[in-house]
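Overview (structure and organization)
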Amino acid sequence: MSKVFTKPFTQQEPVPSAAISRITEILATGRLHRYNTIKGEISDASMLEKEFAEWQGTQYCLATTSGGQAMQISLRAAGVKPGTKVLANAYTLAPVPGAIHATGGIPVFVDIDDNWHTDINDLEEKAKDSGAQYFMLSHMRGHIANMERIVAVCKKYSITLIEDCAHTMGAKWKGKRSGNFGDIACFSTQTYKHLNSGEGGFITTDNPEFAARAIVNSGSYMLYGSHGAIPSENIFKKVRLESPNCSARLDNIRAAILRAQLPLLEENILRWQSLYEALEEGFRAIPGLKVVKREPCEQFVGSSIQFQASGIREDNIPLLVKRCENRGVQLKWFGNPEPTAFTSKYDTWQYLGEIADLPNTDRVLSKTCDMRVPLTFSKEDCFDIIEIIADEVHKLTNKYS
Ligand SMILES: *Cc1c(COP(=O)(O)O)cnc(C)c1O
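Cut-off values and rules
Residue numbering note: each chain is counted from 1, following its sequence as written. In view of the model being predicted, local features appear only for residues whose pLDDT reaches at least 70, and side-chain atom pairs are presented and counted only at 80 or more, with totals across whole chains, interfaces and linings using the full set of residues. Water and hydrogen atoms were dropped before computing side-chain values, which therefore reflect all heavy atoms in the structure. Working definition: with a 1.4 Å probe on protein chains only, accessible area under 20% of the residue-type maximum means buried, over 50% means exposed, and in between means partly exposed. Going along the chain from the N terminus, every DSSP run of H or I of four or more residues is numbered as a helix, and every run of E of two or more is numbered as a strand. Directions drawn from the helix axis to the C-beta atoms are what define this arc. For the purposes of these results, a polar contact is taken to be a pair of N or O atoms within 3.5 Å, where, inside protein, one atom must be able to donate a hydrogen and its partner to accept one; residues adjacent in sequence count only when each atom of the pair is a side-chain atom. Think of it this way: DSSP has to see at least two bridges between two strands before they count as a pair. Lines fitted to the C-alpha atoms define the axes, with helices restricted to the stretch that makes contact. Angles between their N-to-C directions range from 0 to 180 degrees. It only takes one pair of heavy atoms within 4.5 Å for two residues to be counted as in contact.

Here we take up helix H6 (residues 147–156). Burial in H6 covers these residues: Met-147, Ile-150, Val-151, Val-153 and Cys-154. Angular distribution of buried residues about the axis of H6 spans 160°; they occupy a single face of the element. Residues Lys-155 and Lys-156 are exposed on H6 and point more than 90 degrees away from its buried face. Measuring from the side-chain oxygen of the N-cap residue of H6 to the backbone nitrogen of Glu-148 gives 3.1 Å; that N-cap residue is Asn-146. A positive phi of about 50° marks Ser-158, the residue just after H6.

This is the structure we're talking about:
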């Protein structure tokens, strides 16, 4: 009998019990809305913003209903208007082009390199050719490009850098937190990310005007003064009447869920690292798979792992995915021309109209497989997964020759 893996790849850990007792208290008060406070009370949403800003090391923070909303609001707050061009790396998740599109912005896609990073030469070329003044940089699947070079290109062309840190919450590059390289950063606390409130997100920035606009954009009415990590009143006075209310506030229940998880994040990052290392070593030893060696300066969070199925014919990759699935191992293939589950490719976002081919993105993604690494897995689970994948890859690489 061949081995079958039985744990689900989408199972997160339970929410800490501290959250459960706090939620019960909040429910008993009925004051779920962040602005529904009694005299002297600070809402959980505001406290969360203060705590996350401190943890991230930024001056300002806004909690939002989702990562996608955080991106939309960041773009608006930074000045994107209908017709504004926005550079974006082509390897990303569907909410990224969705957020750009929702603001009326026009994405200008940038190619990626063999390590799934933004191709910085192509970034510079596209910046020059398009004249775009914004770059939405998605640290897709936690891969962090050379941030010194990215920031230098942005400076050279006066580009506002917005970081999508949905997969890099807690990651660092040369010791500096992902999200603190650009002008404004977005995070997601959707169930599959590093904090889990079902849905939710954050914006962080040190730019007072961006912060004030983002807060008013999120639907603060004129109650922004109660937020947890905000610029001074005179900044709000300047922007409050020119910023639309887009209703994307976080509620106190989800804020309480996140407040209980934030203190565990550093420890969880270490747990992810140990699972990732086990998987990386195992995958690297499988003939036919290529696992990218990551730069030591990239202190990523190993909440997912990618490999190139380089020894398998492209038309056999769906078979690999299927056979692994049959044995309980869930892989995603980013080269699939047909979008499935959470994955889609730039050429399937038809609402954007014609998108010029990105040859490297196509080539690299054609063999890219991805696997989630939930913290409910143990190292032994990782060894079982490695064994199953090795077995199935072996059958298909033999077929290749
Ligand atoms: C999840 C995700 C988002 C959006 O987050 P939501 O909270 O689901 O809206 C944005 N970018 C990337 C790369 C993501 O994975």
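Right, picking up where we left off after that structure.
Before going further, it helps to examine the sheet that holds strand E8 (residues 184–188). Across the sheet, seven strands lie side by side as E1-E9-E8-E5-E4-E2-E3; this open sheet has mixed pairing. Across the chains shown, the open sheet's two edge strands, defined by having one partner strand only, are strand E1 (60–64) and strand E3 (106–110). The sheet shows a mean angle of 20° between the axes of neighbouring strands, taken without regard to direction. When strand E5 (residues 160–164) meets E8, the two strands line up parallel, connected through three bridges. Each bridged residue has a counterpart across the sheet, and for Ile-162 the counterpart in E8 is Ile-184. Against the sheet, helix H3 (residues 67–77) engages E1, strand E2 (85–89), strand E4 (134–138), E5, E8 and strand E9 (201–205), with an angle of about 165° to E8.

Any functional reading would require information that these geometric values do not contain.
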